[in-house]
There are 2 protein chains.
Amino acid sequence: MALTAEQTEGILQQVRAAKAASRTLAGVDTGRRNEALRAIADALWQRRGEILAANAGDVAAAQAAGEAPSRVDRLLLNERRLEQMMVSLEQLVALPDPVGTVDERWTRPNGLRIERVRVPFGVIAIIYESRPNVTVDAAALALKTGNAVVLRGGREALGSNAALVAAMRAGLMGAGLPEDAVQLVEVTDRDSVDVLIRAKGLVDLAIPRGGAGLIARVVENALVPVIETGVGNCHVYVDRAADLEMAEQIVVNAKVQRPSVCNAAETLLVHRDVAQAFLPRVARALAAKGVELRACPAALAILRQAGIGDTVRVVPAEAADWDTEYLDLILAVRVVDGLEEAIAHIERHGTRHSEAIVTADEAAAARFLAQVDAAAVYHNASTRFTDGFEFGFGAEMGISTQKLHARGPMGLPELTTYKYVVRGTGQVRS
Amino acid sequence: MALTAEQTEGILQQVRAAKAASRTLAGVDTGRRNEALRAIADALWQRRGEILAANAGDVAAAQAAGEAPSRVDRLLLNERRLEQMMVSLEQLVALPDPVGTVDERWTRPNGLRIERVRVPFGVIAIIYESRPNVTVDAAALALKTGNAVVLRGGREALGSNAALVAAMRAGLMGAGLPEDAVQLVEVTDRDSVDVLIRAKGLVDLAIPRGGAGLIARVVENALVPVIETGVGNCHVYVDRAADLEMAEQIVVNAKVQRPSVCNAAETLLVHRDVAQAFLPRVARALAAKGVELRACPAALAILRQAGIGDTVRVVPAEAADWDTEYLDLILAVRVVDGLEEAIAHIERHGTRHSEAIVTADEAAAARFLAQVDAAAVYHNASTRFTDGFEFGFGAEMGISTQKLHARGPMGLPELTTYKYVVRGTGQVRS
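Criteria and cut-off values
- Residues numbered from 1 in each chain as written.
- Chains lettered and ligands numbered in written order.
- Predicted model: local features only at pLDDT ≥ 70, side-chain atom pairs only at ≥ 80, totals over all residues.
- Helix = DSSP H or I, 4+ residues; strand = E, 2+ residues; numbered from the N terminus.
- Rg over C-alpha atoms; globule rule 2.2 N^0.38 Å.
- Buried ≥ 20, exposed ≤ 12 C-beta atoms within 10 Å, placed from the backbone.
- Contact = placed C-beta atoms within 7 Å.
- Pairing = 2+ DSSP bridges.
- Least-squares fit on C-alpha atoms with pLDDT ≥ 70 in both.
- Domains from an automatic or database assignment.
- Nonpolar A, V, L, I, M, F, W, Y, C, P; charged D, E, K, R; others polar.
- Axes fitted to C-alpha atoms, helices over the stretch in contact; angles between N-to-C directions.
- Parallel < 35°, antiparallel > 145°, perpendicular 65-115°, else oblique.
- Left-handed = near helix turned anticlockwise from the far one by under 90°.
- pLDDT = per-residue confidence, 0-100.
- Core = buried A, V, L, I, M, F, W, Y, C linked by C-beta atoms within 7 Å.
- Expected span 1.5 Å × (residues − 1).
- Bend = angle between axes of the 7 residues up to and from the residue.
- Right-handed = clockwise from strand over helix to strand, strands pointing away.

Novice: Hey, could you run me through the overall build of chain A in this one?
Specialist: Of regular secondary structure, chain A possesses 14 helices and 16 strands. A compact globule built from 430 residues would reach a C-alpha radius of gyration of about 22 Å, and chain A, at 24 Å, matches this within 12%. The principal-axis extents of the C-alpha atoms in chain A amount to approximately 75 × 70 × 40 Å. Out of the 430 residues belonging to chain A, those deemed buried represent 54%. Long-range pairs, those at least 24 residues apart, make up 72% of the contacts in chain A between residues at least 6 apart in sequence.

Structure follows, in structure tokens:
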């Protein structure tokens, strides 16, 4: 359904209001922005009654619509989750602010003094699905770095998001900053996304956070710069020289510790020389966690021979399995002839997110780390560490799977751009 | 005219070949890539006969088609211009290579050692118009930083580009590197651009270099990440507290030193308090260089009163003038009530490229530098300095007018991305 002209204009008005607010926000110092984050935390707590009531409405509607429990849970807010938001806001206040940092400064032979200074983007549009915690997280990260934010969340969370945004706007007002720095697009028709991502000159950056379909749609239609996030078809390669005990722990962790996230492993690659020794043991360990295996013929033969098929669900892999981000307790398994074939498989099927090798062979590790093209490459560690908090950034806006601007976990510096400030004494170019 | 399936497949084959070559290129050290640049310089010189003959064909065709002399001149190669290319290549060899640089390294409490390492993008597509010098410049910058390059130049320069690329490929081969690292798309139908900018997963970055129409088309249709370059509607604001002698020199330089480029000034903004004193003198100085003025009513009145209209071409500005990148000896002139109005005018009409204030008032300068949103902001200097060489980068791929990844002049570091290399001893996430 196309938007009415009035709806489109309404969204553009919100973006323009955000743009105007972004100028004020960029002009105040860190202290003022931190005060606003604290005021937002207070306002969220003061308004918890309204917020939880609105959320209860969303949750009831989702249950009535027969949504899966996992989806309903993602939607759910309660006092504990609100408290977690407040803790996050307080942690964010404590983080250093990149805005105003001088990356470099130098003087040219003609006397021109040049500085490269970190500045906010301006207006960041966040397009996401039905998790109301993203509403507060994303807005807070944007505000901390001097950006205004336009939020376009999913329809199922609209009531919750409206209540959260009302509280955040009240917090901004209370701190003497423009409430228009946080905008919620309440038109949840798909076309409202297009209005945002085509608002060239107004929206400085769009970040889609969600499933592959949402991200593809944004990339396809955007005129404004986009950072792609999240799709992760990640691999663990167990080399001939792997410590098999370590390999087992890493594979199990990468698959089961939180299967629904982008840095979970989706395919296990095993060197032929250790397949016989490794596959049965890892299959049993994975089975204990309820993981289904989709195995290549060689892996299947080894597993069947070891009698694994009787206790673990093992099925033959189909071609599509190598390209599937299951986000579930399913693992594709393939036996490879060696490092070369493992790297080629990842090159062909990976999504440039997180890739791991387990080996005691330093030369093999060095080759894997150098040749595999991904945001994060691991030697003897789980892919699950690709995360702003695990990297020590103290914050995370998402995990970029593109190469432009930001790659991997995006912390606060990645939410800024820079400008060159040049000071002269009348220099002209000859 | 749509491409045939065969033409589309041919271009994709070239991109795939470039992708394969990019892996080799990324794996060799700086020394090998520098050798290749030297071999390319040698090959260009050895094949100067073929190159100049091919170029003579392009030039003759352009003249026969009645192209303007300035366009024909841009197309022209001769021994001197080839020598300049060789000098540029030698300078590029001397520049530090960002690839492999560790931006940061740290160890997490759990013992994970994390490094952020500079790596090439992979395949860069350059889409440009009819300047054959871009062919060698752009390819050399890409190769220096370990990237393969797919060049899509204009139809008018096709013969020259083919000869230049043949020489560069011979140089690569001579240096023992894959010739496929430099590709020329010889299908100059517009749709061939679309094949490149939609080759997601193969082309890692597209850089359009050319006029506003080309850039808009690329941004509109791209699925791969794009860096927008070049459109510059730049302003010089002469403040109440300006040294008028300095202001005159800066305005004249920003307008006339090379009017056809993106960092030339297109609009002069003058504080009302100094308009009477400044406008007649700057108008005379500009007149001496053949500049036509398009003036707002207040400026027009002052200039007419001073009798300037008799000797200088002065016409009333129309609304469109404030948004026009003339790239010619034309300057729009507007009297403003002060700094605030100057900043608002730039916000509304500027293209976020290069903006200058001339003033002795440090507070006014600080406000302008902080509030004007542009890649480069200047105090008491000409906008013409926004240039990789003038900034001291020693190289330039173009001038970015977007905020994502690179802003302003792009040197070698801006042609790289990074990856996180994480080394562990069996760490898993709990």
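Novice: Please clarify how the interface of chain A and chain B should be interpreted in this entry.
Specialist: It is common to give the size of an interface as the accessible area lost on bringing the parts into contact. If you look at the interface, chain A gives 55 residues, while chain B gives 55 residues. Residue assignment for the side of chain A that touches chain B shows that the elements contributing at least two residues are helix 9 (212-221), helix 10 (244-256), helix 14 (362-371), strand 13 (376-381) and strand 16 (416-427) of chain A. Broken down by element, the residue count for the side of chain A that touches chain B peaks at 11 residues, all from strand 16 of chain A. Here five bridges tie strand 13 of chain A to strand 16 (residues 416-427) of chain B, and the two strands are oriented parallel to one another. Considered in strand 16 of chain B, the bridge of Y378 of chain A is made with V422 of chain B.

Novice: Teacher, can you tell me more about the relation of the copies chain A and chain B here?
Specialist: Note: a rotation about an axis with an accompanying shift along it relates these two copies of the chain. You can overlay chain A on chain B at an RMSD of 0.0 Å; the transform is a turn of 180 degrees with a shift of 0.0 Å along its axis. Interpreted geometrically, this transformation is the action of a two-fold axis. Distance from the rotation axis, computed per C-alpha, reaches its smallest value in chain A at H405 of chain A: 1.8 Å. A shared binding surface is used by both copies, with 100% of the interface residues of chain A retained as interface residues in chain B.

Novice: Can you help me understand the environment of G57 of chain B in this one?
Specialist: Residues and elements named next belong to chain B. Mapped onto the fold, G57 is located in helix 3 (residues 48-64). Owing to 14 C-beta atoms within 10 Å, G57 belongs among the partly exposed residues under this scheme. Between the C-alpha atom of G57 and that of S160, which follows or precedes it by 103 residues, the distance is 8.2 Å.

Novice: Before we go on, may I ask you to explain the domain arrangement of chain A in this structure?
Specialist: Residue and element names in this part refer to chain A. What the domain assignment lists for chain A is domain 1 (5-228 + 405-423) and domain 2 (234-390). Averaged C-alpha coordinates put domain 1 and domain 2 at centres separated by 36 Å. Looking at side-chain class alone, the side of domain 1 that touches domain 2 contains two nonpolar, two polar and one charged residues.

Novice: What exactly am I supposed to notice about the pairing of strand 16 of chain B here?
Specialist: On a regular strand, one side chain projects to one face of the sheet and the next to the other, so that they alternate. All names here are of chain B. Most of strand 16 is tucked away, with nine of its 12 residues classed as buried. Across eight bridges, strand 2 (residues 113-120) lies against strand 16 in antiparallel orientation. Pairing of R118 across the sheet is with Y418, part of strand 16.

Novice: Looking at this structure, I do not really get the sheet that holds strand 2 (residues 113-120) of chain A. What am I missing?
Specialist: Note on sheets: strands pair through backbone hydrogen bonds, and any given pair is parallel or antiparallel. Pairing in this open sheet of 10 strands is mixed, and the strands run 1(A)-2(A)-16(A)-13(B)-12(B)-7(B)-8(B)-11(B)-9(B)-10(B) from one edge to the other. Strands with a single pairing partner mark the edges of an open sheet, and in this sheet they are strand 1 (102-107) of chain A together with strand 10 (314-316) of chain B. Neighbour-to-neighbour, the strand axes of this sheet turn through a mean angle of 20 degrees, independent of strand direction. Summarising the sheet, strand 8 (residues 265-271) of chain B and strand 11 (residues 330-336) of chain B pair through five bridges and their orientation is parallel. Bridging across to strand 11 of chain B, V270 of chain B finds its partner in V335 of chain B. Against the sheet, helix 12 (residues 297-305) of chain B touches strand 9 (292-295), strand 10 and strand 11 of chain B, its axis set at about 105 degrees to strand 11 of chain B. Here helix 14 (residues 362-371) of chain B sits on the sheet in contact with strand 16 of chain A together with strand 7 (234-238), strand 12 (354-358) and strand 13 (376-381) of chain B, set at roughly 160 degrees to strand 13 of chain B.

Novice: Is there a simple way to explain the packing of helix 3 (residues 48-64) of chain A against helix 7 (residues 158-174) of chain A in this structure?
Specialist: Residue and element names in this part refer to chain A. In contact at an axis separation of 7 Å, helix 3 and helix 7 are set at 165 degrees when each is read in the N-to-C sense. Looking at the two axes, helix 3 sits roughly antiparallel to helix 7. Helix-helix and strand crossings are classified by hand; for helix 3 and helix 7 the assignment is left-handed. Only G159, S160, A162, A163, L164 and A167 of helix 7 make contact with helix 3, whose side of the interface consists of E50, I51, A54, N55, G57 and D58. For the contact of helix 3 with helix 7, the residue count by class is six nonpolar, four polar and two charged.

Novice: Would you take a moment to explain the confidence of the model for chain A for this structure?
Specialist: The predicted coordinates should not be examined in detail at positions where pLDDT is low. Averaged over all residues, the pLDDT of chain A is 95; the fraction at 70 or higher stands at 100%. Interface confidence in the predicted complex, given as ipTM, is 0.95; pTM for the same model is 0.94.

Novice: Would you explain the nonpolar core in this entry?
Specialist: The nonpolar side chains of soluble globular proteins are, as a tendency, buried together. Counting 152 residues, the largest nonpolar core has I40, L196 and A206 of chain A together with I40, L196 and A206 of chain B as the members making the most contacts within it. In this view, A206 of chain B contacts A125, I127, L196, I197, V218, A222, V224 and V226 of chain B; residues no more than four positions away in its chain are not counted.

Novice: I'm lost on the sheet that holds strand 4 (residues 148-152) of chain B in this one. Help?
Specialist: Residue and element names in this part refer to chain B. One open sheet accounts for four strands, arranged 5-4-3-6; its pairing is parallel. In the strand order of this sheet, the two ends are held by strand 5 (182-184) and strand 6 (205-209), each with one partner. The average angle at which neighbouring strand axes cross in this sheet is 20 degrees, direction not considered. Bridging between strand 4 and strand 5 involves three bridges; their strand directions are parallel. The residue of strand 5 that forms the bridge with V149 is V182.

Novice: So what exactly am I meant to see when it comes to unusual backbone geometry here?
Specialist: Leave glycine aside and you will find that most residues have negative phi; peptide bonds, for their part, are mostly trans. Residues and elements named next belong to chain A. Phi angles above zero are rare outside glycine, and R352 is one such case at about 65 degrees. Along the chain, the position of R352 falls in the loop between helix 13 (339-349) and strand 12 (354-358). Located in the positive-phi region is H405, a residue other than glycine, with phi close to 75 degrees.

Novice: Any chance you could explain helix 11 (residues 272-287) of chain B here in plain terms?
Specialist: Each turn of an α-helix holds 3.6 residues, which means side chains three or four residues apart point in the same direction. All names here are of chain B. Here helix 11 contains 16 residues, and its C-alpha end-to-end distance of 21 Å stays within 8% of the 22 Å for a straight helix at 1.5 Å per residue. Along its length, helix 11 reaches its greatest deviation from straightness, about 45 degrees, at F278, and the proline P280 lies no more than four positions downstream. Listed in full, the buried residues belonging to helix 11 are A275, F278, L279, V282, A283 and L286. Buried residues along helix 11 sit against strand 7, helix 10 (244-256), strand 8, strand 9, helix 12 and strand 11.

Novice: What exactly am I supposed to notice about the pairing of strand 13 of chain B here?
Specialist: Residues and elements named next belong to chain B. Of all six residues making up strand 13, six are buried, and the element is well covered by its neighbours. When strand 12 meets strand 13, the two strands line up parallel, connected through four bridges. Along strand 13, the bridge assignment pairs A356 with Y378. Crossover strand 12 to strand 13 through helix 14 is right-handed.

Novice: Can you walk me through the packing of helix 5 (residues 79-94) of chain B against helix 6 (residues 132-144) of chain B in this structure?
Specialist: The relative placement of two packed helices comes down to the angle between their axes together with the axis-to-axis distance. All names here are of chain B. Following both chains from N to C, one finds helix 5 and helix 6 inclined at 15 degrees, their axes separated by 11 Å at the closest point. Considering their axes alone, helix 5 and helix 6 lie roughly parallel with respect to each other. Regarding helix 5 and helix 6, the two cross each other, and that crossing is right-handed. On the side of helix 5, the interface is formed by R81, M85, S88, L89 and L92, while helix 6 contributes N133, V136, D137, A140 and K144.

Novice: It is not clear to me how the environment of T267 of chain B should be interpreted in this structure. Could you clarify?
Specialist: Residues and elements named next belong to chain B. With respect to the element layout, T267 can be found in strand 8. Sequence separation between T267 and G350 is 83 residues; the distance between their C-alpha atoms is 9.5 Å. Contact partners of T267, with chain neighbours within four places excluded, come to H235, W322, A332 and R334.

Novice: Sorry if this is basic, but what is going on with the environment of T135 of chain B here?
Specialist: Residue and element names in this part refer to chain B. Mapped onto the elements of the fold, T135 is located in helix 6. For T135, a count of 25 C-beta atoms within 10 Å translates into the label buried. Along the backbone, T135 and V251 are 116 residues apart, and their C-alpha atoms lie at a distance of 33 Å. Look past the residues within four positions of T135 in its chain and what remains in contact with it is L151, G153, N161, L164 and V165.

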